[in-house]
Amino acid sequence: MLNRLHVQNFTVFADAMFEFSPGLNVIVGTNGTGKSHVLKLAYAAQVVYAGAPREVPNVYAPTEESTDLLVAVSILSRLDEIFLPNGLKHLVRRPNSPAAGPPKRAHVRATFGKSAVDSLAFDIASDAPRNNSVAMPKPATIGEPAQRPIFIPAKEMLSLMPSIIGLSEKFTPLLDSTYTDLARALVGPLLKTPPPYVQTVLDSLGKVMQGTIQSENGRFYLLPAHGERLEITLVAEGYRKLGTLAYLLANGSL
């Protein structure tokens, strides 16, 4: 899991350290203080970390150059897809006044596991994209494979399915990739037999929603305990958000 996120000169942050603990973490702040940016930045780092090359003795040993290049391309493209800036340089914190001088480089370090060995650090230049850089430990030294994270944005998603995937593949992004990533997670097949602890949560969610969520041809419905199923667009938005959690649990994404 992500243990620590150190952010310097990134969007609204001059210098901030975020320490995460196992279980539930809550980020509180007024509007414009960067709550969403912290979550999106943590998500981008975790996605890249989960997919980074790992050492497989006597089978695959990527060179330092290939590993660094792969991770560099991954994190920079992820930031572009998630924040949708008009150029990555716009993610660098801008000075509050002309007297503060030109924008500085942004620096981010995400630390995973129990030691600093499992870390991902990168800089974003304020002058030219080619000056961006990504630094990691020696190639193939990242720890155990990490589960791909799930980001649940503020907007409910079930009513946007399946159109959001088709639109994102054909046109300039209408929404950042946290939405399309979640959409792709929602189309995953259901587990044949969810683990008992998952089924307990699903039963509780079903009682609150007074029914279960079903998917057919990428479209979602609420099947009440009694009566005909309802198109998800006719269901209360709060139930749609609970339905998103229920379906992600039911297909093993959570």
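Just above, that's the structure.
The structure displayed is predicted, hence computed values, not measured ones. (Residues numbered from 1 in each chain as written. Predicted model: local features only at pLDDT ≥ 70, side-chain atom pairs only at ≥ 80, totals over all residues. Heavy atoms only, no water.)

Draft legend 1. The arrangement of the overall build of the protein in detail. Helix and strand content of the protein: 6 helices and 8 strands. The N-to-C order of helical and strand elements in the protein reads β-β-α-α-β-β-β-α-α-α-β-β-β-α. The proportion of buried residues among the 254 residues of the protein is 41%. Within the structure as shown, the protein displays about 14,600 Å² of accessible surface, and the carbon and sulfur contribution to it stands at 57%. (Helix = DSSP H or I, 4+ residues; strand = E, 2+ residues; numbered from the N terminus. Buried < 20%, exposed > 50% of the residue type's maximum accessible area, 1.4 Å probe, protein only. Areas by Shrake-Rupley, 256 points an atom, 1.4 Å probe, with all protein chains shown as cover.)

Draft legend 2. Spotlight on the pairing of strand E6 (residues 211-216). Where E6 lies against strand E7 (residues 219-224), 6 bridges are found, and the strand directions are antiparallel. What sits directly across from glutamate 216, in E7, is arginine 219. In sequence, E6 turns back onto E7 through a hairpin of 2 residues, with asparagine 217 there showing a positive phi of about 55 degrees. (Pairing = 2+ DSSP bridges.)

Draft legend 3. Seen up close, the packing of helix H5 (residues 196-209) against helix H6 (residues 237-250). At a minimum axis separation of 10 Å, H5 and H6 run at an interaxial angle of 160 degrees. Put simply, H5 runs roughly antiparallel to H6. Crossing geometry of H5 relative to H6 is assigned as left-handed. The segment H5 lies against H6, with Val198, Val201, Leu202, Leu205, Val208 and Met209 engaging Tyr239, Leu242, Gly243, Leu245, Ala246, Leu249 and Ala250. In terms of residue class, the contact of H5 with H6 is built from 12 nonpolar, 1 polar and no charged. (Axes fitted to C-alpha atoms, helices over the stretch in contact; angles between N-to-C directions. Parallel < 35°, antiparallel > 145°, perpendicular 65-115°, else oblique. Left-handed = near helix turned anticlockwise from the far one by under 90°. Contact = heavy atoms within 4.5 Å. Nonpolar A, V, L, I, M, F, W, Y, C, P; charged D, E, K, R; others polar.)

Draft legend 4. Up close: the sheet that holds E7. Within the open sheet, the 3 strands sit side by side as E6-E7-E8. Their pairing is antiparallel. At either margin of the open sheet sits one strand with a lone partner, and together these are E6 and strand E8 (230-231).

Draft legend 5. Representation of the pattern of salt bridges in the model. Scanning the model with the defined rule gives 8 salt bridges in all. Here arginine 105 and aspartate 123 are joined by a salt bridge, their closest N and O atoms 4.0 Å apart. You can see arginine 105 sitting in the loop between helix H2 (64-83) and strand E3 (106-112) and its partner aspartate 123 sitting in strand E4 (residues 119-124), a full 18 residues away along the chain. Arginine 105 gets classed as partly exposed once you look at its relative accessible area, which sits at 36%. Across the salt bridge formed by glutamate 156 and arginine 240, the nearest N and O atoms sit 2.8 Å from each other. Placement of the pair is glutamate 156 in the loop between strand E5 (133-135) and helix H3 (163-170) and arginine 240 in helix H6, with a sequence separation of 84 residues. (Salt bridge = Lys/Arg side-chain N within 4 Å of Asp/Glu carboxyl O.)

Draft legend 6. Spatial organisation of the environment of alanine 14. Structurally, alanine 14 is set in strand E2 (residues 13-19). On a C-alpha basis, the gap between alanine 14 and arginine 94 in space is 9.4 Å, while along the polypeptide they are 80 residues apart. Those residues within four positions of alanine 14 in sequence are excluded, and the remaining contacts are Val7, Gln8, Asn9 and Arg93.

Draft legend 7. Representation of unusual backbone geometry within the structure. Cis rather than trans, the peptide bond between methionine 161 and proline 162 has omega equal to -5 degrees. Relative to the helices and strands, proline 162 resides in the loop between E5 and H3.

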